[in-house]
Amino acid sequence: MDDWTKATIDRLTAEAPSFADRALLQELGKLMNEQEQRIAQAKAELDGRAWAKRKW
Amino acid sequence: MKTLIVVGHPELADSQTQAFLKAAAGDRGRRHVLTAPFDPASERQLLWQADRIILQFPLYWYNVPAILKQWLDQVFDDHLLGPAGDRLAGKELGAVVSLGRPLAEFGAGKRQGFSLDDYLRPLQGVARATRMRWLPPLAISQFAYQGPRDQAALLVAYQQYLTLPQPASFADRVNWFAAQLARQAERAQGDQATRYAQLRALLMQRQAELSDLQDNLRLIKEGGQ
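1. Remarks on the overall build of chain A
At step 1: Assigned secondary structure in chain A consists of two helices and zero strands.
At step 2: Taken over the C-alpha trace, chain A has a radius of gyration of 17 Å; the compact-globule value for 56 residues is 10 Å, which it surpasses by more than 25%.
At step 3: Once the C-alpha set of chain A is aligned to its principal axes, its extents read approximately 60 × 20 × 5 Å.
At step 4: Here chain A, with 56 residues, has 14% of them falling under the buried criterion.

This is the structure:
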């Protein structure tokens, strides 16, 4: 997770008045990590397919 | 989507799990605590109005508690299903089941002998006979022993179980979180509201990026590369 996202989630968590708010932020962090991973995998796959040697 | 939460618990006032779930649900579903005797006419109205019906109960001797069985026996009849037998057709039926044993003990060859799906088979049968779609159950295993991080994860999983379309894609889950963040941004004030809105914007922007990448990949694959 990038620094800005982590700092924003951490700050909102520290200020969150309720357990439910903190829970939402905790699980949002997990989802955003998964989203980053999916983007990285899709980019890598796109790159791999664009450089497929059958095209050379 | 209208969600009806049918709570069947013989000792509700003493249940930490049920108190937690009540607070977690908030306004995400209509909570209906079963107390006998039942008025079948009003019970039918509740069921007919719901899109998703969640049975919420502790597993007692691998079964639903007596109050829930009594409700099923008395309310689920020809009047409920209507002349064509389709008054519940197309709705979803789910179960939020609290367990006194670890979920890992459930399964063939394990300590509890059978999987939770096996033990819940009669409820799946009800869903099938009434033409409702059975949702994978949400199991809550030994709530009192869970730490704060696990309980936080459970809280969100439960809220999703009440309101998220099933089965949910990754994009559905992202949209669900975006809606929660919008709600938080409305409730919060000043800088906090701004930060919730910024997180939502970033989440959606990255999802658009992911969607574009997936579209490009699909095109390449369809092109036989």
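2. Examining the interface of chain B and chain A
At step 1: The interface of chain B with chain A comprises 29 residues on the first partner and 24 residues on the second.
At step 2: Only helix H7 (148–163), helix H8 (170–187) and helix H9 (190–222) of chain B provide two or more residues apiece to the side of chain B that touches chain A.
At step 3: Of the residues forming the side of chain B that touches chain A, the biggest block, 16 residues, is contributed by H9(B).
At step 4: When grouped by side-chain class, the residues that make up the side of chain B that touches chain A number 16 nonpolar, eight polar and five charged.

3. Looking at the environment of Arg49(A)
At step 1: Along the chain, Arg49(A) turns up in helix H2 (residues 19–50).
At step 2: Accessibility expressed as a C-beta count within 10 Å gives 15 for Arg49(A), which makes it partly exposed.

4. A closer look at the nonpolar core
Residue and element names in this part refer to chain B.
At step 1: Counting 48 residues, the largest nonpolar core has Leu4, Val6, Ile53, Ile54, Leu55, Val96 and Tyr158 as the members making the most contacts within it.
At step 2: With six residues, H7 is the largest single contributor of residues to this core.
At step 3: Built from parts of two domains, this core gets at least three residues from each of domain 1 (3–166) and domain 2 (169–225).
At step 4: Once residues lying within four places of it in the same chain are set aside, the contact partners of valine 6 are His32, Leu34, Ile53, Ile54, Leu55 and Gln56.

5. Things to note about the domain arrangement of chain B
At step 1: With domains assigned, chain B is organised as domain 1 (3–166) and domain 2 (169–225).
At step 2: Taking the mean C-alpha position of each, domain 1 of chain B and domain 2 of chain B sit 31 Å from one another.

6. Digging into unusual backbone geometry
Leaving glycine aside, a negative phi is the common case for residues, and trans is the common case for peptide bonds.
Residues and elements named next belong to chain B.
At step 1: Cis geometry marks the peptide bond from alanine 36 to proline 37; its omega dihedral reads -5 degrees.
At step 2: As for its position among the elements, proline 37 is in the loop between strand E2 (30–33) and helix H2 (40–49).
At step 3: One non-glycine residue, tyrosine 62, lies in the positive phi region at around 65 degrees.
At step 4: Within the secondary structure, tyrosine 62 sits in the loop between strand E3 (52–58) and helix H3 (66–75).

7. Re the pairing of strand E4 (residues 92–99) of chain B
Residue and element names in this part refer to chain B.
At step 1: Taking burial as the measure, the eight residues of E4 include six buried ones, the bulk of the element.
At step 2: Relative to E4, E3 runs parallel, the two sharing seven bridges. Counted as the bridge partner of leucine 55 is alanine 95 from E4.

8. Some points on the environment of Ala197(B)
At step 1: Residue position: Ala197(B) is located in helix H9.
At step 2: Spatially, the C-alpha atoms of Ala197(B) and Ala178(B) are 9.1 Å apart, while their sequence positions differ by 19 residues.

9. A look at the environment of Arg52(B)
Residues and elements named next belong to chain B.
At step 1: Inspection of the secondary structure puts arginine 52 in strand E3.
At step 2: Its 23 C-beta neighbours within 10 Å are what place arginine 52 among the buried residues.
At step 3: For the pair arginine 52 and asparagine 63, spaced 11 residues apart in sequence, the C-alpha separation works out to 21 Å.
At step 4: Setting aside chain neighbours within four positions, we find arginine 52 in contact with Met1, Thr3, Lys91, Glu92 and Gly94.

The rules behind each value
Within each chain, residues carry numbers counting from 1 in the order of the written sequence. Written order decides the labels, with chains lettered from A and ligands numbered from 1. Predicted model: local features are reported for residues with pLDDT of at least 70 only, side-chain atom pairs are reported and counted for 80 or more only, and whole-chain, interface and lining totals are derived from all residues. By the criteria applied, helices consist of DSSP H or I runs no shorter than four residues and strands consist of E runs no shorter than two, each listed in order from the N terminus. All radius of gyration figures rest on C-alpha atoms, and the globule criterion is 2.2 Å times the number of residues raised to 0.38. Residues with at least 20 other C-beta atoms within 10 Å of their own are called buried, those with 12 or fewer are called exposed, and the rest are partly exposed. The C-beta atoms themselves are positioned from the backbone. A pair of residues counts as a contact when their C-beta atoms, built from backbone coordinates, are within 7 Å of each other. Here the nonpolar group is Ala, Val, Leu, Ile, Met, Phe, Trp, Tyr, Cys and Pro; Asp, Glu, Lys and Arg are the charged ones; every other residue, Gly included, is treated as polar. Only buried Ala, Val, Leu, Ile, Met, Phe, Trp, Tyr and Cys residues enter a nonpolar core, and they are joined through C-beta atoms within 7 Å. An automatic or database domain assignment supplies the residue ranges for each domain. Criterion used throughout: strands pair if DSSP finds at least two bridges between them.

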